Each structure stands twice: as C-alpha cells, then as structure tokens.
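Letter by letter, the chains look like this.
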Amino acid sequence: MTPTEPRTDSRADRFVRELAELRVPDPAAARSALWLRVGGALMTVGLVLALSAYLVTHNTQSPLDQRDGLALGLGGIAATVVGAALFLRHSLTGFLRFWMARQSHDLAVLADRLCERDLNHDLTSSDAAPR
C-alpha cells in the first residue's frame, strides 16, 4: 500500500496493531492471575479463621482458650484484609492498563486529526483563525 492510498482496515484493527506497538504487557499474565488466586484464597482462609475463632471463644469457659481464639480471630481478619487488597490491586491493574492504552490511542487519534486540520488550513489567507 502506498502512502497516498487510504487505509481500509477497521478502527478495531488499527487499535489492536497500535496496542501491539505500545508493547503493553498482557493483563492476563500468569503472575497476575496467581496473585488474584492468592488474594481470593487469603480472603477465604481469613474468613474461615475468624469464624472458627468466634466458635472457639464462645464454646469454652477457659480464659486461655478464649485468648487463643481472639489471637486467631485477629489473624483471620488481617489475612482477609491483605487478601482483599491483593485481589483488588491485581484485578484493577488489568483494567487500568487497558484503559491507559485506550486513552493513549484516543489521544494519538486526536493529535492526528488536529495535525491534519492544520495541514489543510491555508496559512497564507488573511481570514481569522476559527475558534
């Protein structure tokens, strides 16, 4: 195809090609998926620990067992919070990476349109510039 011929590929094809040129890593990479699973597992394990700690502290009269249950419950809550943070971080990373690539593409299209408009505008005319 010569430079004067118009492009016939669709907007989606151009976006995929330009996305490949940006070399944005695949958001579905194995490491990200692993951290998503680790975050989900930590949330689940933390909830199970907190529930078991509740049952331990309420089914015994021994203060030593109750304190052990409280420590187990706090560990479960901490595991749940860390798991939720991991899960959110890695699930939003893929979306935001795609969003940033999309914004970059849209800005490039806008810049191309503005440059094209400037090239088509006659700079020697005495007319006022359009606003």
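Positions within a chain are numbered from 1, following the residues in the order the chain's sequence is written. With pLDDT at 70 or above as the cut-off, local features in this predicted model cover only qualifying residues; side-chain atom pairs require 80 or more to be listed or tallied, and sums for whole chains, interfaces and linings still use all residues. Hydrogens and waters are ignored; side-chain quantities use all the structure's heavy atoms.

Participant: I'm lost on the overall build of the protein in this one. Help?
Facilitator: A tally of helices and strands in the protein yields three helices and zero strands. Ordered by position from N to C terminus, the α and β elements of the protein give α-α-α. Whether two residues are in contact is decided by their heavy atoms, any of which lying within 4.5 Å being enough. Nonlocal contacts in the protein, meaning residues at least 24 apart in sequence, comprise 72% of its contacts between residues at least 6 apart. All accessible areas in this document rest on Shrake-Rupley with a 1.4 Å probe, and a residue is counted as covered only by the protein chains that are shown. Accessible surface computed for the protein: about 10,500 Å², of which carbon and sulfur atoms make up 65%. Think of it this way: any DSSP run of H or I at least four residues long counts as a helix, any run of E at least two long counts as a strand, and we number them from the N terminus.

Participant: What is the right way to read the confidence of the model for the protein from this model?
Facilitator: Note that predicted coordinates carrying low pLDDT should not be read in detail. Every residue carries a pLDDT, the predictor's confidence in it, which falls somewhere between 0 and 100. Summarising the model, the protein shows a mean pLDDT of 81, and 79% of its residues fall at 70 or more. Looking at the elements of the protein, mean pLDDT is at its lowest for helix α1 (residues 11-22), recorded as 75, and at its highest for helix α2 (residues 30-58), recorded as 91.

Participant: What's the story with the side chain of Thr-60 in this structure? I'm lost.
Facilitator: With respect to the helices, strands and loops of the structure, Thr-60 is situated in the loop between α2 and α3 (63-120). Owing to a relative accessible area of 17%, Thr-60 belongs among the buried residues under this scheme. Identification of polar contacts relies on pairs of N or O atoms within 3.5 Å, with a donor-acceptor requirement for protein atoms, meaning one able to donate a hydrogen and the other able to accept it, and with residues adjacent in sequence counted only if both atoms are side-chain atoms. One polar contact links the side chain of Thr-60 to the main-chain amide nitrogen of Ser-62, over a distance of 3.3 Å. Contact partners of Thr-60, with chain neighbours within four places excluded, come to Asp-65 and Gln-66. Note on exposure labels: buried denotes an accessible area under 20% of the residue type's maximum, exposed denotes more than 50%, and partly exposed covers the range between, all computed with a 1.4 Å probe on protein chains only.

Participant: What exactly am I supposed to notice about the side chain of His-90 here?
Facilitator: Looking at the secondary structure, you find His-90 in helix α3. The class for His-90 is buried, based on a relative accessible area of 12%. Contact partners of His-90, with chain neighbours within four places excluded, come to Ser-32, Trp-35 and Leu-36.

Participant: Even after reading the chapter, I still don't get a nonpolar patch on the surface, so can you show me in this structure?
Facilitator: Two distance rules govern patches: like charges are joined within 9 Å, and nonpolar side chains (Val, Leu, Ile, Met, Phe, Trp, Tyr) within 5 Å, applied only to residues with over 30% relative accessible area and no salt bridge. Salt bridge, as used here: a side-chain nitrogen of Lys or Arg that lies within 4 Å of a carboxyl oxygen of Asp or Glu. The grouping of Phe-87, Leu-88, Leu-92, Phe-95, Leu-96, Trp-99 and Met-100 at the surface amounts to a nonpolar patch, some 740 Å² of accessible area in total. Checked against the element boundaries, Leu-96 lands in helix α3. For Leu-96, a relative accessible area of 44% translates into the label partly exposed.

Participant: I would appreciate a short explanation of the pattern of salt bridges in the present structure.
Facilitator: Oppositely charged side chains can form a pair if their charged atoms are brought close together. Within this structure, the stated rule accounts for one salt bridge. The salt bridge involving Asp-106 is made with Arg-102; its shortest N-O contact spans 3.7 Å. Linking Asp-106 with Arg-102, this pair stays in helix α3, spanning four residues, or about one helical turn. Judged by its relative accessible area of 27%, Asp-106 falls in the partly exposed class. On the accessibility criterion, Arg-102 (25% relative accessible area) is partly exposed.

Participant: Help me out: how do you make sense of α2 in this one?
Facilitator: Side chains that are three or four residues apart share a direction in an α-helix, a result of its 3.6 residues per turn. What a helix is expected to span follows from its residue count: subtract one and scale by 1.5 Å. Over its 29 residues, α2 runs 42 Å from end to end, which matches the ideal 42 Å to within 8%, given 1.5 Å per residue. Residues Ser-32, Gly-39, Gly-46, Ala-53 and Thr-57 constitute the buried set of α2.

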